[in-house]
Amino acid sequence: MSEMVSTIKKICKRYGNDRARLMDIVNEVQDALGHVPREAFGLIAREANTHRVEVESVVSFYAFLSDKKQGAVVIRLCDDIIDRFKGSEAVGDALVAALGIGFDETTADGKITLEKTPCIGMSDQAPGMLVNDTVITNLTPAKIPDLVRQLMANPDPQALVAEPGDGNNADSLICAMVNNNIREAGPVILADYRKNAGLRKALTQTPEEVIEDVKTSQLRGRGGAGFLTGFKWELTRKARGTEKFVLCNADEGEPGTFKDRVLLTERADLVLEGMTIAAYAIGAETGIIYLRGEYAYLRGFLEHTINQRREAHLLGNTILGHEGFNFDVRIQMGAGAYVCGEETSLISSCEGTRGDPTDRTPFPVVKGYMVSPTAVNNVESYCCAARIMDKGPGWFASIGTARSAGTKLLSVCGDCERPGIYEIPFGTKLRELLARAGAEDVAAVCVGGPSGQMVGPAQFDLGISYEELSTGGSVMVFSNQRDILEVADAFMEFFVDESCGYCVPCRVGNVLLKNRLERVRKGVGEQKDLDYLQRLGESVKFTSRCGLGQTSPNPILSTLKNFRPVYNALVKENKTGFHKSFNIMKAVEQASAIAGRRSEIFHA
Amino acid sequence: MNDTFKITIDGKEIEARQGQTIMDAADAAGIYIPRLCSHPDLKPIGSCRVCTVVVDGRPQAACVKPVMDGMVIENDTPAVLQHRRNIIDMMFVEGNHFCMFCEKSGNCELQALAYRFGITAPQYPFQFPEKEVDGSHPDILLDHNRCIMCARCVRASQELDGKNVFQSIGRGFHRKIGVNGEKELGDTDMAVSDRATEICPVGCIIKKRVGYEVPIGQRIYDKAPIGSDIEEVHP
């Protein structure tokens, strides 16, 4: 038996030859072999009781999985717009020069592969990159030759971490050069708190009373959609099903967002406490933390935290002596797919399939993970729930605005003096936040990431809240030195790359939108191209199946609305009657080549 | 418990039953809602979005959305029709559809839908992607140029044939239908008698050697526009 075969068989066996654990299986095969070879699809399928094409379907979906042999070291340079504005392109050039390869190539000795990847959740210390699971931040082109030399001498990327960051980043189980950059702590999440006081309080109440408290607190989902958490728990509790599940959405993929990174680093216990309270409230025995592949460096620490809680009877059977209350948590690793932050995609991924979203009738609260009632909540929502149980729903509801209770963690990045984490009461004006972050000469702020909206100074007096400026946490600041449409273009590129392709409008519409925006940016667009963008964008929003496509035209639609003069300046009236985008020289180029002579009429 | 109730489509009150989708109820009442990925013998998946309707102000795919008592649905409004037309155009430009040279012409649901919508040319630029043609199977041709990713073949193989010949692979614009074999369709257990062979709405999966048994001009949609069969239920 070849080594590959025995390795794969061993991995499949470790996951009980269970097709529902296909994500874990292919993730481990990738780690062990440097790729998931096509020759192995059939074997994995047989061992995991599924079909070859299902394995191919999964491997071809996730960006961190590859059917082509990669180096033992994979460098993934973060390619979001914040990193680009902080110089990631020059860093990329330096990597190309030092390694002697281009992007998506592997060095001749087969040791190092170079790739680009969307936001890795380090926008406050950009430019950054992943070297396997190790995060490298604050890159400059000058640092690259040394980093590459070190990697060539010692392929262990952890050796690159000279000095770990603050707080738990220095914990031996994390040991990352990441800094928390907590700029302002608020009363709910980042204040000092009494560990497990919320859970203990919850266990003195009935599950129904716990749900009532969360409802009274007016807590709404912190991922951005803003659904009432207590109501979600109630629906899950009431839904028929012998098994119920509590899922934690730690697939923080919205570019410019990194608050869950900090919560998982500094408040892992609070997150797990909140999940345990949710489990008690809805009657679940199993929980899953869906951790994005980019945060794999936190996995060991989180597993340790889970183990500690088991030992302290905060997880496992008869939690805190409460007869009949059993709950345990596992971590499900993602593998580079933004759409998996959408709750139904996240569930698909947890079930070991490609991360296509599913129809939301039935909703996950009725039929979610393993067709059972499932509550999926954001990392931050669980933190809030635990604090609500400790301090009371009235205390929580008294913070923020009437329709947005509590505080919000914001990840502020881009052109400002003090990028990092701000815990602010809902209702805080954007202008005030910008002042605190030391942002001057601001031309635009992207609130809510690419799926949110680009706003200009006219909107700076709006408050951060579900009713005014809604965000799952991302606040990206762009100074008046930046090209707004370069930002919009980069966001569209992101959506084109991250669309799962399931439905037509998102799969095709985003490509068409991006192409037409490029035309406008090149200065060969016309007024009617702006109408085209508007109408097409509205169709994609209106007809797409999941939240990705329903928000993906926002970079274009919100800039058309709030930065119209920028577009107008690019599409000056064209009196010639010719389409500016039509280049006759280019059109006859191929024919000229075939004919072996240039056009008599059209030539330069 | 009374499980029939009324819903309203474009101002017309119709009967609906608990457990039906909007499309089921509309079909039964003789109201045609355009669709492509949906097929009466298959579980609906809502991927093409052509059947988008407006329910109480919100867009929904009629093929998957269950009816509820008193639902108010907009189907045949200028705004909805425009969105549908845009989606149909998108399908034409994302693939390589040369109707005049296609064996499926006249039996093709995409082509028929375009005619029903009065589309003579798509409003979006053709993308001309490079797609594969898989002729490895002795009896079946798989031409990805014409695929619209409706996944009817995926479902038919699983739900009707008890096999698993097809599955979606890749993502985004590069998503395509993969086959459950080492390389190509000829490596799979697909048989020409499988329902998956004849369920393709376009010319992506076609039987070899029978392409022109029925002459152009005498084909399904040469005789009546797509949807006529449903509309004839209640003329």
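Residues numbered from 1 in each chain as written. Chains lettered and ligands numbered in written order. Predicted model: local features only at pLDDT ≥ 70, side-chain atom pairs only at ≥ 80, totals over all residues. Heavy atoms only, no water.

### Here we look at the overall build of chain B
Argument step 1. For chain B, the count of helices and strands is seven helices and ten strands.
Argument step 2. The C-alpha atoms of chain B give a radius of gyration of 18 Å, which matches the 18 Å a tight globule of 235 residues would have.
Argument step 3. If one aligns the C-alpha atoms of chain B with their principal axes, the spans along those axes are about 50 × 40 × 35 Å.
Argument step 4. Within chain B, the proportion of its 235 residues that are buried is 56%.
Argument step 5. Look at the contacts in chain B between residues 6 or more apart in sequence, and 65% of them connect residues 24 or more apart. (Helix = DSSP H or I, 4+ residues; strand = E, 2+ residues; numbered from the N terminus. Rg over C-alpha atoms; globule rule 2.2 N^0.38 Å. Buried < 20%, exposed > 50% of the residue type's maximum accessible area, 1.4 Å probe, protein only. Contact = heavy atoms within 4.5 Å.)

### A closer look at the interface of chain B and chain A
Argument step 1. Across the contact, 40 residues belong to chain B and 42 residues belong to chain A.
Argument step 2. When the two sides are added together, the surface that chain B and chain A hide from each other amounts to roughly 3400 Å², 55% of it contributed by carbon and sulfur.
Argument step 3. Between the two partners, chain B and chain A, sit four salt bridges.
Argument step 4. Its salt-bridge partner being Asp356(A), residue Arg175(B) comes within 2.9 Å of it at the nearest N-O pair.
Argument step 5. Viewed at the interface, chain A and chain B are joined by 28 residue pairs in polar contact (both at pLDDT 80 or more). (Buried area = accessible area lost by both parts, 1.4 Å probe. Salt bridge = Lys/Arg side-chain N within 4 Å of Asp/Glu carboxyl O. Polar contact = N/O pair within 3.5 Å; in protein donor to acceptor, adjacent residues only side chain to side chain.)

### Quick notes on the pairing of strand E4 (residues 58-61) of chain B
All names here are of chain B.
Argument step 1. Sheet topology note: the strand E3 (residues 52-55)/E4 ladder contains four bridges and is antiparallel. Bridge pairing in E4 places Val-53 opposite Gln-60.
Argument step 2. Between E3 and E4, which pair antiparallel in sequence order, lie two residues; one of them, Asp-56, sits at a positive phi of approximately 45°. (Pairing = 2+ DSSP bridges.)

### Let's talk about the side chain of Thr21(B)
Argument step 1. Mapped onto the fold, Thr21(B) is located in the loop between strand E2 (12-17) and helix H1 (22-28).
Argument step 2. Those residues in contact with Thr21(B), other than ones at most four positions away along the chain, are Ala62(B), Cys63(B), Val64(B), Lys65(B), Pro66(B) and Val67(B).

### Quick word on the packing of helix H1 (residues 3-14) of chain A against helix H2 (residues 22-33) of chain A
Residue and element names in this part refer to chain A.
Argument step 1. In contact at an axis separation of 10 Å, H1 and H2 are set at 145° when each is read in the N-to-C sense. Along this stretch, H1 crosses H2, giving a crossing that reads as right-handed. Every residue of H2 that contacts H1 at Met-4, Thr-7, Ile-8, Ile-11, Cys-12 and Arg-14 is listed here: Ile-25, Glu-28, Val-29, Ala-32 and Leu-33.
Argument step 2. Of the residues that constitute the contact of H1 with H2, the class distribution is eight nonpolar, one polar and two charged. (Axes fitted to C-alpha atoms, helices over the stretch in contact; angles between N-to-C directions. Left-handed = near helix turned anticlockwise from the far one by under 90°. Nonpolar A, V, L, I, M, F, W, Y, C, P; charged D, E, K, R; others polar.)

### Description of helix H3 (residues 38-47) of chain A
Residue and element names in this part refer to chain A.
Argument step 1. Burial within H3 is extensive, with seven of its ten residues counted as buried.
Argument step 2. Ala-40, Phe-41, Gly-42, Leu-43, Ile-44, Ala-45 and Glu-47 are the residues of H3 that are buried.
Argument step 3. Among the structural elements, H1, H2 and helix H4 (52-59) are those in contact with the buried residues of H3.

### Some details on the sheet that holds strand E11 (residues 407-414) of chain A
Residues and elements named next belong to chain A.
Argument step 1. Read from one edge to the other, the open sheet built from six strands follows the order E6-E12-E11-E15-E13-E14, with strand pairing classed as mixed. Each of the sheet's edge strands pairs with one partner strand only, and the pair in question is strand E6 (182-184) and strand E14 (453-455). Across the sheet, the mean angle separating the axes of adjacent strands is 30° when strand polarity is ignored.
Argument step 2. Pairing of E6 with strand E12 (residues 420-425), which is carried by two bridges, proceeds in the parallel orientation.

### Comments concerning the domain arrangement of chain B
The figure often quoted for interface size is the accessible area lost as the parts come together.
All names here are of chain B.
Argument step 1. Segmentation of chain B into domains returns domain 1 (4-76) and domain 2 (86-210).
Argument step 2. Contact residues are listed per partner, giving 16 residues for domain 1 and 20 residues for domain 2.
Argument step 3. At the boundary of domain 1 with domain 2, total buried surface from both sides reaches about 1400 Å², with 65% on carbon and sulfur atoms.
Argument step 4. Summed over the three residues of domain 1 that lose the most area to domain 2, namely Tyr-32, Leu-36 and Leu-42, the buried surface amounts to 41% of that side.
Argument step 5. Salt-bridge contacts for Arg-195 lead to Asp-41; the nearest nitrogen and oxygen are separated by 2.8 Å.
Argument step 6. Across the contact surface, domain 1 and domain 2 share six residue pairs in polar contact (both at pLDDT 80 or more).
Argument step 7. For the side of domain 1 that touches domain 2, a count of residues per class yields nine nonpolar, three polar and four charged. (Domains from an automatic or database assignment.)

### Re the sheet that holds E4(B)
Residue and element names in this part refer to chain B.
Argument step 1. Taken together, the five strands give an open sheet; going across it, the order is E2-E1-E5-E3-E4, and neighbouring strands pair in mixed fashion. Of all the strands in the sheet, the pair left with one neighbour each is E2 and E4. Taking each pair of neighbouring strands and ignoring which way they run, the sheet shows an average axis angle of 40°.
Argument step 2. Of the strand pairs in this sheet, strand E1 (residues 4-9) and E2 are connected by six bridges, and their pairing is antiparallel. Considered in E2, the bridge of Ile-9 is made with Lys-12.

### Comments concerning the nonpolar core
Argument step 1. Judged by nonpolar contacts, the single largest core of 196 residues is most densely connected at Tyr62(A), Trp233(A), Phe478(A) and Phe166(B).
Argument step 2. The dominant element in this core, judged by the number of residues it contributes, is helix H12 (residues 268-282) of chain A, at eleven residues.
Argument step 3. Residue contacts for Trp233(A): discarding those within four places in its chain leaves Ile211(A), Val214(A), Gly274(A), Ile277(A), Ala278(A), Ala281(A), Ile282(A), Ala375(A), Asn377(A), Tyr382(A) and Ala385(A).
Argument step 4. Counting residues in hydrophobic clusters, the runner-up holds 22 residues, among them Ala16(B), Ala29(B), Ala61(B) and Met71(B). (Core = buried A, V, L, I, M, F, W, Y, C linked by side-chain atoms within 4.5 Å.)

### Considerations on the packing of aromatic side chains
Residues and elements named next belong to chain A.
Argument step 1. A full pass over the atoms with the stated rule returns twelve aromatic pairs over all chains.
Argument step 2. On the basis of an interplanar angle of 65° and a centroid distance of 5.2 Å, the ring pair of Tyr-280 and Phe-325 is categorised as edge-to-face. Remark: Phe-325 occurs in the loop between helix H13 (299-311) and strand E9 (328-333) and Tyr-280 occurs in helix H12; sequence separation between them is 45 residues.
Argument step 3. For Phe-325, a relative accessible area of 5% puts it in the buried group.
Argument step 4. An aromatic cluster is defined as three or more aromatic residues linked by ring pairs; in this entry it consists of Tyr-338, Phe-494 and Phe-495.
Argument step 5. Positioned above the aromatic ring of Phe-64, the side-chain terminus of Arg-76 is 4.0 Å from the ring centre. (Phe/Tyr/Trp six-rings, centres within 6.5 Å; stacked < 30°, edge-to-face > 60°. Lys NZ or Arg CZ within 6 Å of the ring centre and 35° of its normal.)

### A word on the pattern of salt bridges
Residues and elements named next belong to chain A.
Argument step 1. By the definition in use, this model includes 54 salt bridges over all chains.
Argument step 2. Of the charged contacts, one joins Arg-516 and Asp-529 as a salt bridge, the two residues approaching to 3.0 Å between their closest N and O atoms. Of the two residues, Arg-516 sits in helix H19 (residues 504-521) while Asp-529 sits in helix H20 (residues 527-543), which places them 13 residues apart along the sequence. A single burial state applies to Arg-516 and to Asp-529, both of which are buried.

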